[in-house]
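# Per-entry structural report
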Amino acid sequence: MTPDIRWLDDPETFRVGVLPAHSDHRFYQHYHEIAGEHSSLAQSLNGTWRFHFAPNPQARLQDFWQADYDLSGFDTITVPEHVEIAGYDKLHYINTMYPWEGHHFRRPAHTVGQDTSGTGMFSTAPDNPVGQYALDFTLAPAFAGKTVTVQFAGVEEAMYVWLNGHFLGYAEDSFTPSEFDLTPYLHAGANRLAVEVFKRSTAAYLEDQDMFRFFGIFRDVTLLAKPATHIEDLHIQPTLADDLQSGVVKLDLTCSPVAAGSTVRAIIRDDEGETLMDTTQPAAAAQSFTSDTLVHVHLWDHHHPYLYQLYLEVHDAAGQLVELVPYQFGFRTITIDAQKVIRLNGERLIINGVNRHEWDDERGRAVTAADMDEDIRIMKTHHINAVRTCHYPDHISWYDRCDVNGIYMMAETNLESHGTWQKMGAIEPSYNVPGSVAEWRAAVLDRAQNNYETFKNHTAILFWSLGNESFAGDNIAAMNAYFKKVDPTRLVHYEGVVNDREYEDRISDVESRMYAHPEDIVKYLGNHPKKPFLLCEYMHDMGNSLGGMKAYTDLIDRFPQYAGGFIWDFIDQAIAVTDPVTGQKVHRYGGDFDDRPADYEFSGDGLLFADRTPKPALQEVSYYYGRYDK
Amino acid sequence: MADTTNKKLRVIYGDVTLGVQSDRVQYIFNYTRNGLESLVVDGKEWLYRTPLPTFWRATTDNDRGNGFSQKSVQWLGADMFMKAAGATVKIDGEPIDLPIAPGNNQYSDHEYADSVAVTVHFTTATIPTTAVQVEYRIAADGTLTMHVHYTGNANLPDLPVFGLRLIMPTKAVRYTYQGLSGETYPDRMAGGVPGTYTIQGLPVTPYLVPQDNGVHMATDWVEVVRATTQDNTQLTPGEFGLRISSVDAPFAFSCLPYTAEELENATHIEELPPARRTVLSILGAVRGVGGIDSWGADVDKPYHIPAGEDIDFSFKVAPL
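In this numbering scheme, every chain counts its residues from 1 along its sequence in written order. Just so you know, chain letters begin at A and ligand numbers begin at 1, following the order they were written in. In keeping with the model being predicted, local features are shown solely for residues with a pLDDT of at least 70 and side-chain atom pairs are shown and tallied solely at 80 or more, while totals for entire chains, interfaces and linings include all residues. Side-chain numbers here rest on the full set of heavy atoms in the structure, without hydrogens or water.

### Comments concerning the overall build of chain A
The helix and strand inventory of chain A stands at eight helices and 37 strands. Its C-alpha atoms give chain A a radius of gyration of 24 Å, within 12% of the compact-globule value 25 Å for 630 residues. Burial classification: accessible surface area is computed with a 1.4 Å probe over protein chains only, and a residue below 20% of its type maximum counts as buried, one above 50% as exposed, and the rest as partly exposed. Relative to its full complement of 630 residues, chain A shows a buried share of 63%. When contacts within chain A are restricted to residue pairs at least 6 apart in sequence, those whose partners lie at least 24 apart make up 74%. A run of H or I in DSSP becomes a helix once it reaches four residues, and a run of E becomes a strand once it reaches two; helices and strands are each numbered from the N terminus. For the radius of gyration, the atoms used are the C-alpha atoms, and the globule rule reads 2.2 Å times the number of residues raised to 0.38. Throughout, a contact is declared for two residues whenever any of their heavy atoms are within 4.5 Å.

This is the structure in structure tokens:
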């Protein structure tokens, strides 16, 4: 396989050599490894990597990926870290405009313009910075002889990967894991991984989120050693009886590889350690387990996030434990009744939600466990019961935290293309993508699939969201159809049909709006609503704001079909710097880095300041959400 | 001549000023400076400049988004360039001619009263203009009650705020108030928990772009504590305080080291000048902050300050 830089220009090329997306389960060799999440089958490649920055593809080192390339002239960079935070490329905050606005004229390939091929648009662009990463690593001795993959949990925004001079593949979709098989080219002992990351590709059209525009390896990089029998994918399906009293768990497993004579043992325990299921089967490429009927099932919700513990033990033919997969899951149902009321476990769902960008004022979106723990603590303290992962999938452990803490999730797919249809405040979709443009369909379906396959086992996810502000078209309808096909147990959310009602019967189970005035919501809900109503964004907390929240919470009392909403947003996105004039540690925003055009302080809309201290408005949220925190 | 009067306040009928003295508090009203130039408690000065009505709040992000600052921009001029239209004086409840030269030659160095009231009349720098009165009433015990009146004029735009701004010569150490927790506004005060709160320093809420902040609604009293003066004989005299309390109804206030104009001029918090004063604004009317969006949605109507309606508020100033 030969890499081709023109893949950057082609919306139909977005994954090459990437292993199929699968569930996010961790796997271990021994029980004692679980508590500290120190799997002897995983080797972190985080740390200091060699790094070369090129301002554009023309200036990049053409053969840096070769196994014997002399790296002595390379700098170093930390992985994970954004290239801009490391100081190589300019920090830039911009909202709807594409980041090349005013610098370059571009139209998405296959839409409008004199040349719709897209050829060279990114691959020969003068404004497409390149990060060339290299890491010499020593394979853990225990990994020798096993299938070994490398997993990139998040790389923005397009990357090519080589091992020991052999090309492995190419990936986009910055916010879901990309995994490559290293086995054919792996040496015992010393190896060299080379990664070439481009700031821009056709993915840029789909990743126009209102945020600082970063690139680089910003989440963990991990080597995974897969035992002779390995659980590659796991689908946990807890199903409740109609009376919500009893339930059954079905487990669908995909194993790869599978060694002859190996077995899989499935154990389910309740939270007191009582064993509810313990079944062993021969391992197979595809297999299912189904529990007996569990009586007196504990339901999962915000106040009682009751989780059952699943263990999957893989034993070899000699009976030796070779792999262990722990996973926690809960029982809950999310439905829409005949009156168009959203019900969780049969009770009306009230979303006391926030939109949450991943943010750390020193590290950008490369958030830490401490950041996430603090976010959960603040949410629980202030009666916030739901989070929308605006507008991309988050760090995997965030989903675990939401399961454990009973935070309802709207799990959003990595998609936002508002620059293609929202211009100067007006709707102008002349070159909207994904729209109904055939060449852009597979890319967004892949994003939907990555989101679903990775996170499908998380009890906290009540809604799949197709993305944000991407208008409506056949391709988004296809994403909706995908989620409906693979997951009948959850609801699908998308707001953009507001702008094209032709699609409203094909996209989104809920009527979702953003920043709707209370009287407009009354108009919808007072007139035989077709769908339940929620606000995917409301109460824009920019600066000194959040006045008048009562007008929204009053709707909860008035309309059972009103399901609440997600405040915009949880935390200011601003960057901590030391002011050279006063020496104070201060926060900087768009335009402060000579980045133009910019959207300045428009990313300062949080309930928290960028350093996680609460804004004064938080007590108001706590009050109103507390009144509906049932 | 022996002091035989039982009246409590000593009155000094100066050529330019009116001095009023009680046991602990000494006041000097200056006719050329449109009000109270000096408020000394136990030998410490509390005023940097004459208190003036205030009309402007530093533009919030929502104000910018919905164009409120443009619509109400006249009030910025009024805030900065207040014009006085004379003063009136009452002694023991009776109006007297303004006691300036030569009329004040009738008085002596031993003049006393049970109450003194000075009312300063202002005209706003707006088109059309409207009238504002600031009345100072000093009771026999030396306490000061202030009454501020705004005369409604429906031909003016909604007000950003209406209050009286007292600037103190040095930065306060802290303030303590009885009211609601946190920063509250008329449309964002339901979450405020009643209680007594002490705020150390004079923090400016660090919104990315400095803007109106630090308002406390529904306050019964606030005590401001300082520990420094500009008096070269006692630059650091130890802590001393002043208490503002409600008269008829709770009041709103903010206590910050900056004026609205100083906040307005900064695009980042570090651009604000070094904090050296205390700007205590006692507010009779506060506009809501809004929250529906930041690009056009207006503040809900009940939280506007319509210019056509009169506004009156009172508060008491006393030593701790």
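Now, onward.
### Structural notes on the confidence of the model for chain B
The predictor attaches a confidence to each residue, and that confidence, scored 0 to 100, is pLDDT. Of all residues in chain B, 98% have pLDDT values of 70 or greater, and the mean over the chain is 96. We note a pTM of 0.97 for the whole complex and an ipTM of 0.96 for its interfaces.

### Points about the interface of chain B and chain A
Across the contact, 35 residues belong to chain B and 34 residues belong to chain A. Summed over both partners, buried area is the accessible surface (1.4 Å probe) that two parts give up on being assembled. Taking both partners together, chain B and chain A bury about 2,700 Å²; carbon and sulfur atoms supply 57% of that area. Looking only at chain B, the three residues that lose the most surface to chain A are Leu208(B), Glu270(B) and Ile292(B), adding up to 27% of its buried area. Criterion for a salt bridge: a side-chain nitrogen of Lys or Arg within 4 Å of a carboxyl oxygen of Asp or Glu. Run the count over chain B and chain A and you get two salt bridges. In this structure, Glu270(B) and Arg588(A) form a salt bridge, with 2.7 Å as the shortest nitrogen-oxygen distance. By the criterion applied in these results, polar contacts are pairs of N or O atoms within 3.5 Å in which, for protein atoms, one can donate a hydrogen and the other can accept it, and in which residues neighboring in sequence qualify only through two side-chain atoms. Linking chain B with chain A are 21 residue pairs in polar contact (both at pLDDT 80 or more), by the criterion used here. Residue polarity follows a fixed list, in which Ala, Val, Leu, Ile, Met, Phe, Trp, Tyr, Cys and Pro are nonpolar, Asp, Glu, Lys and Arg are charged, and the others, Gly among them, are polar. Counted by class, the side of chain B that touches chain A contains eleven nonpolar, 15 polar and nine charged residues.

### Brief notes about the sheet that holds strand E35 (residues 562–567) of chain A
Residue and element names in this part refer to chain A. Taken in spatial order, the eight strands line up as E32-E31-E28-E27-E26-E35-E34-E33 in an open sheet, and their pairing is parallel. Of all strands in the sheet, those bounded by a partner on one side alone are strand E32 (491–493) and strand E33 (511–514). In this sheet, adjacent strand axes meet at a mean angle of 25° when their direction is disregarded. For two strands to be treated as a pair, DSSP must find no fewer than two bridges joining them. Here three bridges tie strand E31 (residues 461–465) to E32, and the two strands are oriented parallel to one another. Across the sheet, Phe463 pairs through a bridge with Leu491, a residue of E32. Between N-to-C directions, angles cover 0 to 180 degrees, with each direction set by a line fitted to C-alpha atoms, over the stretch in contact for helices. Taken strand by strand, helix H4 (residues 441–455) contacts strand E28 (408–412) and E31, and its axis lies near 165° from that of E31.

### Quick look at the sheet that holds strand E12 (residues 190–198) of chain A
All names here are of chain A. Here we have seven strands laid out as an open sheet, ordered E1-E10-E9-E12-E6-E3-E4, and antiparallel in their pairing. Both outer strands of the open sheet, strand E1 (15–16) and strand E4 (75–79), are each paired with one neighbouring strand and no more. Judged from the six bridges that link them, strand E9 (residues 158–163) and E12 form a sheet pairing that is antiparallel. What sits directly across from Trp162, in E12, is Ala194.

### A word on the UniProt feature "domain: Beta galactosidase small chain/" (unreviewed entry) in chain B
In this numbering, the UniProt entry assigns the feature "domain: Beta galactosidase small chain/" (unreviewed entry) to residues 19–318 of chain B. Between the C-alpha atoms that bound residues 19–318 of chain B the distance is 17 Å, and the span itself is 8% helix and 40% strand. UniProt positions are given in the numbering used here, feature names are shortened, and annotations may be inferred rather than shown by experiment.

### As for the packing of aromatic side chains
Residues and elements named next belong to chain A. For this analysis, a ring pair means two rings from Phe, Tyr or Trp (six-membered ring only for Trp) whose centres lie within 6.5 Å, classed as stacked if their planes differ by under 30 degrees, edge-to-face if by over 60, and tilted for the remaining angles. Going through the model one piece at a time under the given rule, you end up with 64 aromatic pairs over all chains. Seen in terms of ring centroids, Trp421 and Phe471 are 5.4 Å apart; in terms of plane orientation they differ by 40°. Their pairing is tilted. A residue pair is termed long-range when its members are at least 10 positions apart, and Trp421 in the loop between E28 and strand E29 (422–423) and Phe471 in the loop between E31 and helix H5 (474–486) qualify at 50 residues. The same class applies to Trp421 and to Phe471, which are both buried. In this structure an aromatic cluster arises from ring pairing among Trp7, Phe64, Trp65, Tyr69, Phe74, Tyr160, Trp162, Phe167, Tyr170 and Phe198. To sit over a ring, a charge needs its Lys NZ or Arg CZ within 6 Å of the ring centre and within 35 degrees of the ring normal. The ring of Tyr431 has Lys423 sitting right over it, with the charged end atom 3.7 Å from the ring centre.

### Here we look at the environment of Asn480(A)
Residues and elements named next belong to chain A. Position of Asn480 among the secondary structure elements: in helix H5. On the basis of relative accessible area, Asn480 is assigned to the buried category, the value being 7%. Between the alpha carbons of Asn480 and Arg596 there is a distance of 36 Å; along the sequence they are 116 residues apart. Setting aside residues no more than four positions away along its own chain, Asn480 makes contact with Leu466, Val492, Arg506, Ile507 and Ser508. In terms of polar contacts, Asn480 uses its side chain to reach the backbone amide nitrogen of Ser508, at 2.9 Å.

### Describing the pattern of salt bridges
Close approach of charged atoms allows side chains of opposite charge to pair. Residues and elements named next belong to chain A. Tallying each qualifying case throughout the model produces 59 salt bridges over all chains. One salt bridge in this structure joins Glu179 and Lys226, with 2.6 Å as the shortest N-O distance. Of this pair, Glu179 sits in strand E11 (residues 178–181) while Lys226 is found in strand E15 (residues 221–226), placing the two residues 47 residues apart along the sequence. Through salt bridges with shared partners, a single network forms among Arg501, Glu504, Asp505, Glu511, Arg513 and Lys530.

### Describing the nonpolar core
Generally speaking, nonpolar side chains in soluble globular proteins are found buried as a group. All names here are of chain A. Counting 128 residues, the largest nonpolar core has Phe463, Tyr562 and Ile567 as the members making the most contacts within it. When near neighbours in sequence (up to four residues on either side) are disregarded, Phe463 contacts Ile342, Leu349, Ile351, Met409, Met410, Ala411, Leu491, His493, Val510 and Leu534. Formed by 63 residues, the second largest nonpolar core is a distinct cluster that contains Phe143, Val195, Tyr327 and Phe331. Working definition of a nonpolar core: buried Ala, Val, Leu, Ile, Met, Phe, Trp, Tyr and Cys residues. They are joined through side-chain atoms within 4.5 Å.

### Regarding the environment of Lys484(A)
All names here are of chain A. Mapped onto the secondary structure, Lys484 falls in helix H5. What makes Lys484 partly exposed here is its relative accessible area of 32%. Residues Lys484 and Asp509, spaced 25 residues apart in sequence, show a C-alpha to C-alpha distance of 9.9 Å. Those residues in contact with Lys484 that sit more than four places away from it in its chain are Arg490, Val492 and Asp509.

### A short note on the state of the cysteines
Disulfides are covalent bonds that link the sulfur atoms of two cysteine residues. All names here are of chain A. Any cysteine sulfur atom paired with another within 2.5 Å is treated as part of a disulfide. Considering all chains together, one arrives at zero disulfides over all chains under this definition. For the unlinked cysteine Cys390, the closest cysteine sulfur is that of Cys536, found at 10 Å. Owing to a relative accessible area of 0%, Cys390 belongs among the buried residues under this scheme. The exposure class assigned to Cys536 is buried, which follows from its relative accessible area of 0%.

### Considerations on unusual backbone geometry
Between Trp568(A) and the following residue, Asp569(A), the backbone shows a cis peptide bond with an omega angle of -15°. As for its position among the elements, Asp569(A) is in the loop between E35 and strand E36 (575–578). With omega at -5°, the peptide bond leading from Ile127(B) into Pro128(B) counts as cis. Inspection of the secondary structure puts Pro128(B) in the loop between strand E10 (116–123) and strand E11 (131–138).

### Some points on the side chain of Asp89(A)
Residues and elements named next belong to chain A. Structurally, Asp89 can be placed in the loop between E4 and strand E5 (93–94). Reaching out from Asp89, the side chain makes a polar contact with the side chain of Lys199 at a distance of 2.7 Å. Residue contacts for Asp89: discarding those within four places in its chain leaves Phe53, Val83, Glu84, Pro129, Lys199 and Phe215.

### Quick notes on the packing of helix H6 (residues 518–525) of chain A against helix H7 (residues 550–558) of chain A
Residue and element names in this part refer to chain A. Contact geometry of H6 with H7 gives a least axis separation of 10 Å together with a crossing angle of 20°. Taken together, the axes of H6 and H7 lie roughly parallel to each other. Considering only the axes of H6 and H7, their crossing is right-handed. Where H6 abuts H7, its residues Pro518, Ile521 and Val522 lie against Ala551, Tyr552, Leu555 and Arg558. Angle categories are assigned with fixed cut-offs, so that under 35 degrees is roughly parallel, over 145 is roughly antiparallel, 65 to 115 is roughly perpendicular, and the rest are oblique. Crossings are classed by handedness, with left-handed meaning an anticlockwise turn of the near helix from the far one by less than a right angle and right-handed meaning a clockwise turn.

### Points about the pairing of E35(A)
Residue and element names in this part refer to chain A. With six of its six residues buried, E35 lies for the most part within the structure. Here strand E26 (residues 351–355) pairs with E35 via four bridges, running parallel. Of the residues in E35, the one forming a bridge with Gly353 is Phe566. Here strand E34 (residues 533–538) runs beside E35; their pairing, made up of three bridges, is parallel. Paired with Leu535 across the two strands is Gly565, which belongs to E35.

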